[in-house]
Amino acid sequence: MKNIGFLSFGHWSASPHSRVRSGADALLQSIELAVAAEEAGADGAYYRVHHFAQQLASPFPLLAAAAARTSRIELGTGVIDMRYENPLYMAEDAGSADLISGGRLQLGISRGSPEQVIDGYRYFGYAPPEGTSDGDMAREHTATFLKVLDGEGFARPNPRPMFPNPPGLLRIEPHAPGLRDRIWWGAGSRATAESTAEQGMNLMSSTLLTEDTGVPFHRLQAEQIQRFRDAWTAAGHEREPRVSVSRSIFPIVNDLDRQLFWREHDSTDQVGWIDGGNARFGKTYANEPDKLIAELAEDEAIAAADTLLLTVPNQLGVDYNAHVVESVLTHLAPELGWR
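Keep in mind the model is a prediction, meaning the values are calculated, not measured.

**Student:** How do you make sense of the overall build of the protein chain when you look at a structure like this?
**Tutor:** Across its full length, the protein chain holds 11 helices and 12 strands. For 339 residues, the compact-globule estimate of 2.2 N^0.38 gives 20 Å, and the C-alpha radius of gyration of the protein chain, at 20 Å, lies within 12% of that figure. In terms of overall dimensions, the protein chain has C-alpha extents of about 70 × 40 × 40 Å along its principal axes. Of all 339 residues assigned to the protein chain, the portion counted as buried reaches 50%. Taking the contacts inside the protein chain whose residues are at least 6 apart along the sequence as the reference set, 73% of them involve residues at least 24 apart. Accessible area of the protein chain: about 15800 Å², with a carbon and sulfur share of 51%. Positive and negative charge centroids in the protein chain, built from 30 and 45 side chains respectively, lie 2 Å apart.

Given below as structure tokens:
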């Protein structure tokens with residue numbers, strides 16, 4: 001494994017137990033956690049995107065602000081729901097944030113997850129054409145987004161423009177060189193991982209798979225990763241792809257850790273029902289470092305991935321989450337092949 005970062009959903013709540021009470025708290029603390037994670041030596045700061053929820057939603061202002069406060073850490077999403085996106089406007093936003101970061105953006109995108117509201121993308125002005133699904137619409141938005149990121153001109157210039165134009169067709173500006181190779185697809189199944197490889201996107205796999213074959217979650221996810229890599233090779237892409245997995249990992253190194261997470265030390269996979277089918281959820285890892293090292297050594301998907309994203313309980317505040325990240329880096333990461 002080469003990279004370890006955090007993934008935050010950016011929840012906020014007026015609950016007296018929450019240290020994140022408002023949208024402003026969630027955004028500002030997300031930036032501060034990126035700074036703290038970079039100082040601790042982590043490799044990435046990633047943010048989830050959920051609409052119509054008290055969670056992080058519009059990622060590009062946050063990514064740009066975090067980019068301006070950091071200098072080394074990767075900044076990404078996990079994931080942007082492409083049903084809600086105007087792909088050309090998104091390319092402008094992404095290009096701007098990537099240039100501010102100096103080329104550190106790693107954008108996870110996908111067809112999206114179950115929503116807070118019914119057909120929420122319709123409120124954003126998007127509806128699938130007749131005879132197609134919302135998933136088809138997300139994939140069409142994605143295809144357009146990927147195409148314009150290549151930087152080729154496609155728009156016919158006005159013969160009487162307000163400002164002088166370069167020769168030929170015009171492209172989306174600002175263009176961020178290399179960003180196309182730093183797009184990830186959040187795949188929930190083995191088949192989707194294969195199509196991700198065919199399109200030349202990196203693979204982002206979370207703690208949920210929208211299928212269940214009866215084997216442990218980490219083994220099913222490892223199979224998904226292998227099928228992605230096989231499909232990548234068959235597609236003949238020239239560069240090496242990247243693969244990330246997400247895990248909830250809490251080393252128990254002090255009394256507060258024990259108070260908060262000891263009850264999770266015997267966590268197991270769970271099987272549920274999502275979008276009309278079985279889904280398998282990965283377990284939470286919480287234990288003393290020596291026991292965690294032994295447990296994590298058995299996780300085949302972590303071994304197969306090059307990037308591990310730690311899902312953090314952001315409502316516990318920046319200091320505690322920075323402690324979780326630092327504990328993983330200090331007590332576990334060297335044994336997992338980090339650096």
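That was the structure; now back to the text.
**Student:** Whenever I open this one, the pairing of strand β12 (residues 307-311) confuses me. Can you help?
**Tutor:** Working note: regular strand, side chains alternate between the two faces of the sheet. Within β12, 5 of the 5 residues are buried, which leaves it mostly tucked inside the rest of the structure. The side-chain alternation of β12 yields two buried faces, one formed by Thr-307, Leu-309 and Thr-311 and the other by Leu-308 and Leu-310.

**Student:** I tried to follow a nonpolar patch on the surface on my own but got confused; where do I start?
**Tutor:** A surface patch of nonpolar side chains, amounting to about 360 Å² of accessible area, comprises Phe-52, Tyr-123 and Phe-124. Here Tyr-123 shows up in helix α4 (residues 120-123).

**Student:** Looking at this model, I keep getting lost on the packing of aromatic side chains. Mind explaining?
**Tutor:** Think of a pair of aromatic rings as described by two things: how far the centres are apart, and how the planes are tilted against each other in angle. One pass over the structure, following the stated rule, counts 8 aromatic pairs. Summarising the aromatic geometry, the rings of Phe-261 and Tyr-320 are spaced 6.4 Å apart at their centres and angled 20° between planes, so their arrangement reads as stacked. Of this pair, Phe-261 sits in helix α8 (residues 255-261) while Tyr-320 sits in helix α11 (residues 318-332), placing them 59 residues apart in sequence. For Phe-261, a relative accessible area of 10% translates into the label buried. The exposure class of Tyr-320 is buried, given its relative accessible area of 8%.

**Student:** Would you mind going over the pairing of strand β6 (residues 202-205) with me for this structure?
**Tutor:** Burial along β6 is two-sided: Asn-202 and Met-204 facing one way and Leu-203 and Ser-205 facing the other are all buried. One ladder, built from 3 bridges, connects strand β5 (residues 183-186) with β6; its direction is parallel. By the bridge assignment for β6, Trp-185 is matched with Leu-203. In the classification by handedness, the crossover that spans β5, the intervening helix α6 (residues 190-198) and the parallel β6 is right-handed.

**Student:** When you look at the nonpolar core in this model, what are you seeing that I'm missing?
**Tutor:** A general trend in soluble globular proteins is that nonpolar side chains are found buried together. In this structure, Tyr-47, Leu-107, Ile-109, Phe-145, Ile-183 and Ile-249 are the most contacted members of the largest nonpolar core, which totals 71 residues. Non-local contacts of Leu-107, meaning those with residues more than four positions away in its chain, are made with Phe-60, Leu-63, Thr-77, Ile-80, Ala-94, Phe-145, Arg-182, Ile-183 and Trp-184.

**Student:** Honestly, helix α5 (residues 134-149) in this entry has me stumped. Any pointers?
**Tutor:** Residues lying three or four places apart along an α-helix face the same way, a consequence of the helix completing one turn every 3.6 residues. Along its 16 residues, α5 runs 23 Å from first to last C-alpha, staying within 8% of the 22 Å computed at 1.5 Å per residue. Listed as buried for α5 are Asp-134, Gly-135, Met-137, Ala-138, His-141, Thr-142, Phe-145, Leu-146, Val-148 and Leu-149. In this structure, the buried side of α5 is in contact with α3 (87-101), β4 (105-110), α4 and β5. Taken from the residues just after α5, Gly-151 is the one with a positive phi, measuring 90°.

**Student:** Is there a simple way to think about the environment of Asn-202 in this case?
**Tutor:** With respect to the helices and strands, Asn-202 occurs in strand β6. Sequence-distant contacts of Asn-202, that is, excluding residues within four places in its chain, are made with Asp-181, Arg-182, Ile-183, Trp-184, Trp-185, Thr-196, Phe-228, Arg-239, Pro-241 and Arg-242.

**Student:** What is the right way to read the environment of Leu-33 from this model?
**Tutor:** One can find Leu-33 in helix α1 (residues 23-40). Judged by its relative accessible area of 4%, Leu-33 falls in the buried class. When the C-alpha positions of Leu-33 and Arg-21 are compared, they lie 16 Å apart, and in sequence the two are 12 residues distant. In contact with Leu-33, not counting residues within four places along its chain, are Phe-6, Val-312, Val-318, Asn-321 and Ala-322.

**Student:** Sorry if this is basic, but what is going on with the pattern of salt bridges here?
**Tutor:** When their charged atoms lie close together, side chains carrying opposite charge are able to pair. A complete count under the given rule lists 23 salt bridges for this structure. Across the salt bridge formed by Arg-258 and Asp-255, the nearest N and O atoms sit 3.4 Å from each other. You can see Arg-258 and its partner Asp-255 sitting in helix α8, 3 residues apart, about one turn around the helix. Residue Arg-258 is classed as partly exposed on the basis of its relative accessible area of 35%. Residue Glu-295 pairs with Lys-283 through a salt bridge whose shortest N-O separation is 3.7 Å. Of the two residues, Glu-295 sits in helix α9 (residues 289-297) while Lys-283 sits in the loop between β10 (277-281) and β11 (284-287), which places them 12 residues apart along the sequence. Glu-295 gets classed as partly exposed once you look at its relative accessible area, which sits at 23%. Three or more residues are tied together by salt bridges with common partners; here these are Asp-81, Arg-83, Arg-111, Glu-115 and Asp-134.

Cut-off values and rules
Residues numbered from 1 in each chain as written. Predicted model: local features only at pLDDT ≥ 70, side-chain atom pairs only at ≥ 80, totals over all residues. Heavy atoms only, no water. Helix = DSSP H or I, 4+ residues; strand = E, 2+ residues; numbered from the N terminus. Rg over C-alpha atoms; globule rule 2.2 N^0.38 Å. Buried < 20%, exposed > 50% of the residue type's maximum accessible area, 1.4 Å probe, protein only. Contact = heavy atoms within 4.5 Å. Areas by Shrake-Rupley, 256 points an atom, 1.4 Å probe, with all protein chains shown as cover. Lys, Arg positive; Asp, Glu negative; His and termini not counted. Charge placed at Lys NZ, Arg CZ, Asp CG, Glu CD. Patch = residues over 30% accessible without salt bridge, like charges linked within 9 Å, V, L, I, M, F, W, Y side chains within 5 Å. Salt bridge = Lys/Arg side-chain N within 4 Å of Asp/Glu carboxyl O. Phe/Tyr/Trp six-rings, centres within 6.5 Å; stacked < 30°, edge-to-face > 60°. Pairing = 2+ DSSP bridges. Right-handed = clockwise from strand over helix to strand, strands pointing away. Core = buried A, V, L, I, M, F, W, Y, C linked by side-chain atoms within 4.5 Å. Expected span 1.5 Å × (residues − 1).

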